[in-house]
Amino acid sequence: MTDNELVLVVPRASIMADPGWYGVTTEGLDAFEALVAREGRYVPRSEAEHDRSLKQVIPYLVLRDGEAYFLMRRTKAGGDARLHDLWSIGVGGHLNPEDGGLAGGLVREWHEEVVADFVPEFELVGLLNDDTTDVGSVHLGAVYAGNANGRPVLIRETAKLEGRFAGVDETARVREGMESWSRLVFDRLQGGPRS
C-alpha cells in the first residue's frame, strides 16, 4: 500500500447501517452496481483504512468448474504472514481509478491472479460484510461467480499461491483453514456450514 494509492469507496450509509449485517446477503444486488457508479469516489487508501463512514469496494471472484471450486492456499512466500497457509476460494482486490469501475477491476484481478486463455462471464451473487474486525469494518465485498466450463486455469504467482479445482467435499474439509471471507462465501454458496 502506498500513501497516495487511490481506492474506490462508497458511503457506508448508502448501503447499510453501522454496524452492518454479518456475512453474505443478496439484498440490494439489483441496484448495487448502479449505486457504485453513482456514489463511488476515489480517496487515498491511507484515509479509507481508518474511516468507518466509508466502505472500500472489493470485487471478490469465486471461480467454479461445474460444482468444483478453484481452491487456493497461500504459501509462506506471500507478503502477509497473517495469511500464510490459509485457504481461499476467492480472488479480489482494491479498485483504482485506472480500472474503470467494478467490471474493469474484475478483469484486472483475473489477469493478475491466474493464467487462462479466457475471461469468464462475471455474475454478481452477493454482498459480503464483516464489521467484527477493524479491517472488515472498512471493506465491502462484491461477490462475483464465474465458471471455467472445463477450461484450464493455473495460478500466476506460484511462489505465493498454490491452486487447483477441488470438489465440494474436498473444499469443505479445509473450511476451518479458510480466510474469513472465503469461509463466509463458501457457507452461503453451499447453504450453511458443512461437517
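A brief structural summary.

Analysis parameters
- Residues numbered from 1 in each chain as written.
- Predicted model: local features only at pLDDT ≥ 70, side-chain atom pairs only at ≥ 80, totals over all residues.
- Heavy atoms only, no water.
- Helix = DSSP H or I, 4+ residues; strand = E, 2+ residues; numbered from the N terminus.
- Buried < 20%, exposed > 50% of the residue type's maximum accessible area, 1.4 Å probe, protein only.
- Contact = heavy atoms within 4.5 Å.
- Pairing = 2+ DSSP bridges.
- Phe/Tyr/Trp six-rings, centres within 6.5 Å; stacked < 30°, edge-to-face > 60°.
- Lys NZ or Arg CZ within 6 Å of the ring centre and 35° of its normal.
- Salt bridge = Lys/Arg side-chain N within 4 Å of Asp/Glu carboxyl O.

Turning our attention to the side chain of Glu-5. Relative to the helices and strands, Glu-5 resides in the segment before β1 (6–11). You can call Glu-5 buried: its relative accessible area is 19%. For Glu-5, the residues in contact, after removing those within four places along its chain, are Val-43, Pro-44, Arg-45, His-94 and Asn-96.

With that out of the way, let us pick up the pairing of strand β4 (residues 54–65). Most of β4 is tucked away: 11 of the 12 residues are buried. Where β1 and β4 come together, three bridges link them in antiparallel fashion. Note that in β4 the partner of Val-10 across the bridge is Lys-55. Where β4 meets strand β10 (residues 139–147), nine bridges bridge the pair, whose relative direction is parallel. Residue Tyr-60 lies in a different strand from β10, and its bridge partner there is Val-143. By the bridge criterion, three bridges tie β4 to strand β7 (residues 90–92) in an arrangement that is antiparallel. Each residue of the ladder has a partner; that of Tyr-60, found in β7, is Gly-92. Note: β4 against strand β5 (residues 68–74), two bridges, orientation antiparallel. When the sheet's bridge partners are listed, Asp-65 is paired in β5 with Ala-68. The hairpin turn running from β4 into β5, its antiparallel successor, is two residues long, and Gly-66 in that turn takes a positive phi close to 65°.

Taken together, the four bridges between β1 and strand β3 (residues 41–44) define a ladder with antiparallel strand orientation. In the sheet register, Val-9 faces β3, and the bridge partner there is Arg-41.

To continue, consider the packing of aromatic side chains. By the definition in use, this model includes four aromatic pairs. Of note, Arg-64 hangs over the ring of Tyr-69, and the distance from its end group to the ring centre comes to 3.8 Å. The ring of Phe-118 carries Arg-151 above its face, with NZ or CZ at 3.8 Å from the centroid.

Now for the pattern of salt bridges. Under the defined criterion, the tally for this structure stands at 18 salt bridges. Residues joined by salt bridges that share partners form a network here, namely Arg-12, Asp-18, Arg-52, Lys-55 and Asp-131.

In this section: unusual backbone geometry. At the junction of Asp-18 and Pro-19, the peptide bond is cis and its omega measures out at 0° in the coordinates. For Asn-149, which is not glycine, the phi dihedral falls at a positive 50°. For Asn-149, the location among the structural elements is in the loop between β10 and β11 (154–155). Relative accessible area serves as the criterion here: at 57%, Asn-149 is assigned to the exposed category.

With respect to the helices and strands, Gly-136 occurs in the loop between β9 (123–129) and β10. Along the sequence, Gly-136 and Ser-180 sit 44 residues apart, while their C-alpha atoms lie 9.8 Å from each other. Among residues more than four places away in sequence, those in contact with Gly-136 are Lys-55, Asn-129, Asp-130 and Asp-131.

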